[in-house]
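Residue-level structure breakdown
The primary structure of each chain is shown beneath.
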Amino acid sequence: MQSDIKRLSLILLFAPFALWILLLIILPHLGMVVLSLREKVAPRVYEFGFGNYIDFINEPIYWNTLLRTGSMSILVTILALLIGFPIAYYIAKIAGRRSRGALFLLCLIPLWVSDLIRAFGWILLLRETGVFSSFLQWSGMVSEPIEFLYNDVTVVMGLVYTVILFMIVPLVSTLDGMDDAMIEAGYNLGGNGYTVLRRIIVPYAMPGIVSGCIVVFMMTAGSYLTPILLGGKNSSWFTEQIYDQFITRFNWESGAAFGFLLLAFTSFVVWLGLKLSGQTLANTVAKS
Amino acid sequence: MLSTKKGAGLIAALMLTSASYANAETLRLLTWGSYAPEELVQKFQEKYPDITVEVTFSNNEEMIAKLRATGGAGFDLAQPSHDRIYSAQLEYDIYKPMDLSKINTSVMEDSHLNGVKANTTIDGEVYAVPHQWGTSGLMANKAAAPDFKGWGDLCDPKYAGKTSMRLKRTILLGTAYSMGEDPFAAYSDLDKYQALLDKVADKLIECKSNIKAYWKGGDDLSAMMLSGEVVASETWDSTAYKLYGQNKDIVFVPPETGALAWIDTFALPRKGKADDAAYKWINFVLEPENVTIMSGSTGAIAAVKGGLDMLPADKKEAVTAAFTDADIANLKFFANIPPGVEDMEGKTLEKIKAATE
């Protein structure tokens, strides 16, 4: 009797999650697999085959864009970690109890505004006739208007700004659980600041670092608005290719194949990152 | 006591809404931004109180993608351009034939009606009728670029870093014309068309360093033009007319090789459920006073007899400032896109985007 109730409650609790995974993640992806393996031979006539994947391999534009998206996403992840870690450390360890909440809230505020509006905010600031350029001219530092927009640096900056919060939150929560005595002990045993950081703080924060990096990398590689709006005439992003295949070229088959290639590629990068840094999901993300 | 009152009110409200659903029809429009101005929707609902209008704003590509996803369900009236009916119907079967007897075709401009009919007839059935027409061409700030007159001028080093274009098929076609070719004639021989596209791609890649940025929508184009960051651009005429209202130096320039003309149509999605309401809407927006309201919102010219004269005064001024009769006679109407061409053009655009100077 008792065990029946237990089992029933387990099933009931688990059901929404299982349904969500099955109906919204697994089923659509299976549909996409089937779609990506269809080759169009004539209007309304399709054949089974790997043509869409072969097209990807044969066309340097596609895999160059994918590699570009991947490497820029890695750069964004590294920058977000380098900028986010000191902020998280300050919030979790240095700031007083009372200011901690306020600081955390300050980090959250940008999230209340949609991605689109934030991208337009950057456009207003950075365009040739925008705030920065006008200010520089007014202050006499430059004589000609400067265009800050439409280049890769702007895209990386915009992306770091969009995703950095997802780096800070897991870092703060792991660092928060760290006992200050551990740091003190490190110094007492004669370690300098760098040694303490390298041998005590970073290993302790590793679960937060790994989960933060994975989330940030996945979000960046899959982002659409920021690279499109801030990017210039040479900056292609792989999600844009997927959109073009689906919408502009009516080529859903190849769009589905591209979607899978992006998923496979980002999963591979995450796997490689874990291998190279000697971490596993079990002792990092599962712990954080 | 209070809660019972609330409950009764709630039930009454529910009954009211379900009652109004029972005899009301919903007209689900899939159309372009500004093609269903609030003023007209209100007026239509006053005239036909049992019809509720729901509007979804979109563009050619997304309209077809949306209808394709559902096999033509979810909307009762769509408004793709005239060159987006034939192959979309052949490939995805998303429209249903129209009953022309239910449409007041006598008020439509004959050349447009016949043109659209010729473009959208499959197996003897007509799939679309014209609504509004306009052109794609160039716009220039006359104060900064007085001699601007052709597609090729976008690549003129005189305007280095001061021009813009949208990286879509229009610029491919325009550039082909500026090189002395006729892209629509090449549609019949796809190998020849590919060779032409390769030439166009080389030209546009070479031109890349001259371009400030590729615009993506009417808003960013307007901002660049009004701020003076660019002095000339490829554009839709309606965007140029809107800017003319704010700065009389910014005019639409029909390219010397001819502006590219499109006609937005009315088409019935295959699984639409409110055909009668759709026909009512079509006839409603063809009424002269409604034509003026519609054109005021869209900036395009209605495909009805005397459509130009029915434009609001400011738009008419912008059109007459831009077009001479010779320009009108020189219009190049977009030809039906044969299957496969979208893919070829898409690849060419990707090549241009990915190329580094």
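What counts, and at which threshold
Residues numbered from 1 in each chain as written. Chains lettered and ligands numbered in written order. Predicted model: local features only at pLDDT ≥ 70, side-chain atom pairs only at ≥ 80, totals over all residues. pLDDT = per-residue confidence, 0-100. Helix = DSSP H or I, 4+ residues; strand = E, 2+ residues; numbered from the N terminus. Core = buried A, V, L, I, M, F, W, Y, C linked by C-beta atoms within 7 Å. Buried ≥ 20, exposed ≤ 12 C-beta atoms within 10 Å, placed from the backbone. Domains from an automatic or database assignment. Contact = placed C-beta atoms within 7 Å. UniProt positions renumbered as here; feature names shortened; annotations may be inferred. Arc of directions from axis to C-beta. Nonpolar A, V, L, I, M, F, W, Y, C, P; charged D, E, K, R; others polar. Pairing = 2+ DSSP bridges. Axes fitted to C-alpha atoms, helices over the stretch in contact; angles between N-to-C directions. Parallel < 35°, antiparallel > 145°, perpendicular 65-115°, else oblique. Left-handed = near helix turned anticlockwise from the far one by under 90°.

All right, on to the confidence of the model for chain A then. Overall, the predicted model of chain A reaches an average pLDDT of 90, with 98% of residues at or above 70. When the elements of chain A are averaged for pLDDT, strand β1 (residues 38-42) of chain A gives the smallest value, 83, and helix α3 (residues 60-94) of chain A the largest, 94.

Within the largest apolar cluster, 125 residues are counted, with the highest numbers of intra-cluster contacts made by A:Val163, B:Leu77, B:Met139 and B:Ala232. No other element matches helix α7 (residues 152-176) of chain A, which puts ten residues into this core. Counting contributing residues, this core receives three or more from each of domain 1 (2-131 + 264-302) and domain 2 (134-261 + 332-354) of chain B. Apart from the residues lying within four places of it in its own chain, the contact partners of A:Val163 are A:Val76, A:Ala80, A:Val216, A:Met219 and A:Thr220. If you look at the next biggest cluster of nonpolar residues, it comprises eleven residues, including A:Trp237, A:Phe238, A:Ile242 and A:Ala256.

Okay, the UniProt feature "domain: ABC transmembrane type-1" (unreviewed entry) in chain A next. On the UniProt side, "domain: ABC transmembrane type-1" (unreviewed entry) is annotated at positions that read residues 66-273 of chain A here. The span residues 66-273 of chain A is 78% helical and 0% strand by assignment, and the distance between its end C-alpha atoms comes to 17 Å.

For the rest of this paragraph, the subject is helix α12 (residues 288-298) of chain B. For an α-helix, 3.6 residues make a turn, and residues three or four places apart therefore share a direction. All names here are of chain B. Of all the residues in α12, the buried ones are Val-291, Met-294, Ser-295 and Thr-298. Angular distribution of buried residues about the axis of α12 spans 95°; they occupy a single face of the element. Tucked inside the fold, the buried residues of α12 contact α2 (38-47), β7 (129-141), α10 (237-246), α11 (275-285), β14 (301-302) and α13 (313-322). Gly-299 lies just past α12 and shows a positive phi near 75°.

Now for the interface of chain B and chain A. Between chain B and chain A, the residue contacts involve 21 residues of the former and 19 residues of the latter. Looking at which element gives the most residues to the side of chain B that touches chain A, the answer is helix α15 (residues 341-354) of chain B, with seven residues. Residue composition of the side of chain B that touches chain A, by class: eight nonpolar, three polar and ten charged.

All names here are of chain B. A sheet is described by the order of its strands in space; here three strands give the open sequence β2-β1-β3, paired in parallel fashion. Both edges of this open sheet fall to β2 (51-58) and β3 (77-78), since each of them pairs with a single strand only. Looking at chain direction, strand β1 (residues 25-32) and β2 are connected through eight bridges and run parallel. Looking across to β2, one finds that Trp-32 is bridged to Ser-58. The strands touched by helix α3 (residues 60-70) are β1, β2 and β3; relative to β2, the strand with the most contacts, the crossing angle is about 120°. Against the sheet, α11 makes contact with β1, β2 and β3, and its axis sits at roughly 55° relative to β1, the strand it touches most.

We now examine the UniProt feature "transmembrane region" (unreviewed entry) in chain A. Residues and elements named next belong to chain A. Mapped onto the present numbering, the UniProt feature "transmembrane region" (unreviewed entry) falls on residues 12-37, 72-91, 103-125, 148-172, 208-230 and 250-274. Across residues 72-91 one finds 100% helix and 0% strand; the C-alpha atoms that close the span lie 28 Å apart. End C-alpha to end C-alpha, residues 250-274 measures 37 Å, and it is 92% helix and 0% strand.

A few words on the packing of helix α1 (residues 2-36) of chain A against helix α12 (residues 252-276) of chain A. All names here are of chain A. With their axes 7 Å apart at the nearest point, α1 and α12 run at an angle of 120° to one another. The angle between the axes of α1 and α12 places the two elements in the oblique class. Helix-helix and strand crossings are classified by hand; for α1 and α12 the assignment is left-handed. Contact with α1, carried on its side by Met-32, Val-33, Leu-35 and Ser-36, involves Trp-252, Glu-253, Ala-256, Ala-257, Gly-259 and Phe-260 of α12 and no other residues of that element. Looking at the contact of α1 with α12, its residues break down into seven nonpolar, two polar and one charged.

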